[in-house]
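# Remarks on the overall topology
One letter stands for each residue in the lines below.
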Amino acid sequence: MIPGMGPIRYFLNPRADPGQPYGPELSAILNAKAHELAFQEISSLEGYGPTPLLELGGLARRLGIRSLWYKDESTRLGLGSFKALGGIYGVFRALRDAVGGDLALRDVPGGDPALREAVAGLTVTCASVGNHGRAVARGAALLGCRAVIFLPARTPPERMQAIRKLGAEIVTVDGTYDDAVRRAAREARERGWTVVSDTAYPGYEEIPRHIMQGYTVMVREALAELPVGVLPTHVFVQAGVGGLAAAVTAHLWEILGPDRPRVVVVEPQEADCLLESALALESTPALESPPAMEPSASKGSLATSMECLACRNPSTVAWRILREGVHAFLTIPDRAAEETVVFLRRGLGGDPPVHTQPSGAAGLAGLLAALHEPGLARPLHLDATSRVLVFGSEGPLFRRNDHE
Ligand SMILES: Cc1ncc(COP(=O)(O)O)c(C=O)c1O
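Residues numbered from 1 in each chain as written. Predicted model: local features only at pLDDT ≥ 70, side-chain atom pairs only at ≥ 80, totals over all residues. Heavy atoms only, no water.

Quick look at the environment of R15 now. Here R15 is to be found in the loop between β1 (9-12) and α1 (24-27). R15 gets classed as partly exposed once you look at its relative accessible area, which sits at 28%. Residues R15 and R323, 308 residues apart in the sequence, show an inter-C-alpha distance of 7.1 Å. Polar side-chain contacts of R15 include one of 2.9 Å to the side chain of E324. (Helix = DSSP H or I, 4+ residues; strand = E, 2+ residues; numbered from the N terminus. Buried < 20%, exposed > 50% of the residue type's maximum accessible area, 1.4 Å probe, protein only. Polar contact = N/O pair within 3.5 Å; in protein donor to acceptor, adjacent residues only side chain to side chain.)

This is the structure in structure tokens:
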């Protein structure tokens, strides 16, 4: 039996209406045309290939559900997480806008020497807890510009080292990821650098949109890898600022329409900005329509072993998708994600061993927690007929297939 995994909090979102079409407000953020462009560019990268979609039949049987698929991002572009899709594409889009030329990922290295020189004079910057910084560093190295990455001082040294190895400069910030976001924005303003942030905030939304559009390539792959004619009924996806969850929600909604699965967003107990935002929206008087739509901050400590999810504030653009499209918001204790890492590694009931870290296992841990909670499982129709898709958003730190 899977052990009970400690206390959870959740909110069933009354706004997620199954019959609602993917409307123009959301299309303005993420859409199939922009997805196609992102796919063309990203799939032209050397080393690109779909990551595996693992069917974990042994675990599904133990859990009493019909099927369970785990999209394993541990081999993504040699960087070990789905963030590679967004960070590299975000750098590309930012640089293309900056130089105003025909920059194309398929032409690098090489391409037009004048463009190369223009790009070489630019600096991209971002805040990160590790994976996004690594992806931005790789994008900068590929395209030939400078990268400066702001990291909270308590970022694990191995994550810092992985960024440095790609040639980026690192600045540590006393404080949280959100402090690093503000510092990167300020330094960029003062020095004329280009911010390539995975999180959006008022006045800065364009690049984060492109980054989320990059993440949708992973969702396209998952749909193509499922057995023919079979769709998931549920998706459990972990969130920090919500960019990943929004990309997953939006793409499935736009492509599958009314056949889209129910989506559950999973956050750490101590970094629950999306759950807080959903609760705040619910308590807004109905007369205020559209209600106060700005998302809320987490009041938690942000201390969590799901370190990539330790964010105080949601991404504003991600939130606009999530508040309409997500069926439930769920928070889990660290222990749940940590135990999930351990039994994934063991491989239950003949399943292949899977290697990840607590942030990567959090979506699956959320599924396990939800199955133990009738108040959540019942209204979500999570039962023996369910076919569930989760995203193993990163691999283990020391097993990454580093090209560099
Ligand atoms: C491994 C991993 N999983 C999940 C996430 C969450 O993504 P988002 O912050 O877009 O919600 C991140 C973010 O950095 C991550 O690195």
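This is not the end of the story, as more comes after the structure.
What follows deals with the packing of helix α6 (residues 131-143) against helix α7 (residues 157-164). For the pair α6 and α7, the least separation of the axes is 8 Å and the interaxial angle reads 10°. Accordingly, the angle class assigned to the pair α6 and α7 is roughly parallel. In contact with N131, G133, R134 and A137 of α6, α7 contributes R159, A162 and I163. Residue classes in the contact of α6 with α7 are distributed as three nonpolar, two polar and two charged. (Axes fitted to C-alpha atoms, helices over the stretch in contact; angles between N-to-C directions. Parallel < 35°, antiparallel > 145°, perpendicular 65-115°, else oblique. Contact = heavy atoms within 4.5 Å. Nonpolar A, V, L, I, M, F, W, Y, C, P; charged D, E, K, R; others polar.)

Let's shift gears to the nonpolar core. Judged by nonpolar contacts, the single largest core of 99 residues is most densely connected at L322 and F329. Formed jointly, this core draws a minimum of three residues from each of two domains, domain 1 (9-81 + 208-399) and domain 2 (83-201). Those residues in contact with F329, other than ones at most four positions away along the chain, are R9, Y10, F11, N13, V265, L274, L275, A278, W319 and L322. If you look at the next biggest cluster of nonpolar residues, it comprises 37 residues, including L68, V264, I332 and A361. (Core = buried A, V, L, I, M, F, W, Y, C linked by side-chain atoms within 4.5 Å. Domains from an automatic or database assignment.)

This next bit is on α6. Between its terminal C-alpha atoms α6 stretches 18 Å, which fits the 18 Å expected from 13 residues at 1.5 Å a residue. The buried fraction of α6 is high, at 11 of 13 residues. Those residues of α6 that fall on the buried side of the exposure criterion are N131, H132, G133, R134, A135, V136, A137, R138, G139, A140 and L143. Where α6 is buried, its residues touch α4 (83-99), α5 (113-120), β4 (123-127), β5 (146-152), α7 and α9 (206-225). Positioned one or two residues after α6, G144 has a phi angle of 90°, which is positive. (Expected span 1.5 Å × (residues − 1).)

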